Amino acid sequence: MIIWINGAFGSGKTTLVTELHRRLPEALVFDPENVGFLLREIVEAPGGDFQNIPLWRKQVASLAQGLVEEYGRPVLAPMTVVRTQYADDIFGALEKAGVPVHHFFLNVSAAVLEQRLHDRVVVPGDPERDETVRRWGKGRIAECVAAVGSLREDTVVLDGELPTAELAGLVLERTGLG
């Protein structure tokens, strides 16, 4: 089973996955962003976004499927995927392979996202790079907030402003792992 935690940059995806992993230590944590970083070293990412690389979507689905099949443990994946076609590419491939996916979206207001991103340090010791990452996330707030209206119908939308412990409880209850 894959537990995919989706939401805007700054919505709390990684924090929630960290808490879920604490409660499910046997689970594997798979960050699809790492696949993107690797691909970006090999090929150009159109528009500067590795999600625009079709191979990224194929490899994410393939690796997630492989982790489930090879290790038989829950896979926790924190990743923003708000473009409908991209979500369909990934989740459709997993569905076709018979891999159960529980897709959660952390819904957080634009104002809260803006503040969280303002306060966040992503690249300690490198303020210039840190600001670049912060700007990237802030530049995607509108798209991510708007995505709530066009998510796949099997997506469970959660109030991302709830405490992390409460969100983890809701995810575990919904997946039957609680």
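Residues numbered from 1 in each chain as written. Predicted model: local features only at pLDDT ≥ 70, side-chain atom pairs only at ≥ 80, totals over all residues. Heavy atoms only, no water.

(A) Quick look at the packing of aromatic side chains. Evaluation of the coordinates by the stated rule reveals three aromatic pairs. A ring pair is formed by F37 and F50, whose centres lie 5.9 Å apart and whose planes are at 85 degrees; its orientation type is edge-to-face. Note that F37 is positioned in helix α2 (residues 33-42) and F50 in the loop between α2 and α3 (54-71), a separation of 13 residues in sequence. On the accessibility criterion, F37 (34% relative accessible area) is partly exposed. What makes F50 buried here is its relative accessible area of 5%. Taken together, the aromatic side chains of F37, F50 and W56 make up a single cluster linked through ring pairs. The side chain of R57 reaches across the aromatic face of Y86, ending 4.0 Å from its centre. (Phe/Tyr/Trp six-rings, centres within 6.5 Å; stacked < 30°, edge-to-face > 60°. Helix = DSSP H or I, 4+ residues; strand = E, 2+ residues; numbered from the N terminus. Buried < 20%, exposed > 50% of the residue type's maximum accessible area, 1.4 Å probe, protein only. Lys NZ or Arg CZ within 6 Å of the ring centre and 35° of its normal.)

(B) Expanded view of the sheet that holds strand β3 (residues 75-78). Judged by pairing direction, the sheet is parallel, and its five strands sit side by side in the order β2-β3-β1-β4-β5 without closing on themselves. Edge positions in the open sheet fall to β2 (28-29) and β5 (156-159), since each of these has one partner strand only. Taken together, the four bridges between strand β1 (residues 2-7) and β3 define a ladder with parallel strand orientation. Paired with I5 across the two strands is P78, which belongs to β3. Packed on one face of the sheet, α3 meets β1, β2 and β3 and runs near 145 degrees to β1. (Pairing = 2+ DSSP bridges. Contact = heavy atoms within 4.5 Å. Axes fitted to C-alpha atoms, helices over the stretch in contact; angles between N-to-C directions.)

By themselves, these observations are geometric and do not establish any function.
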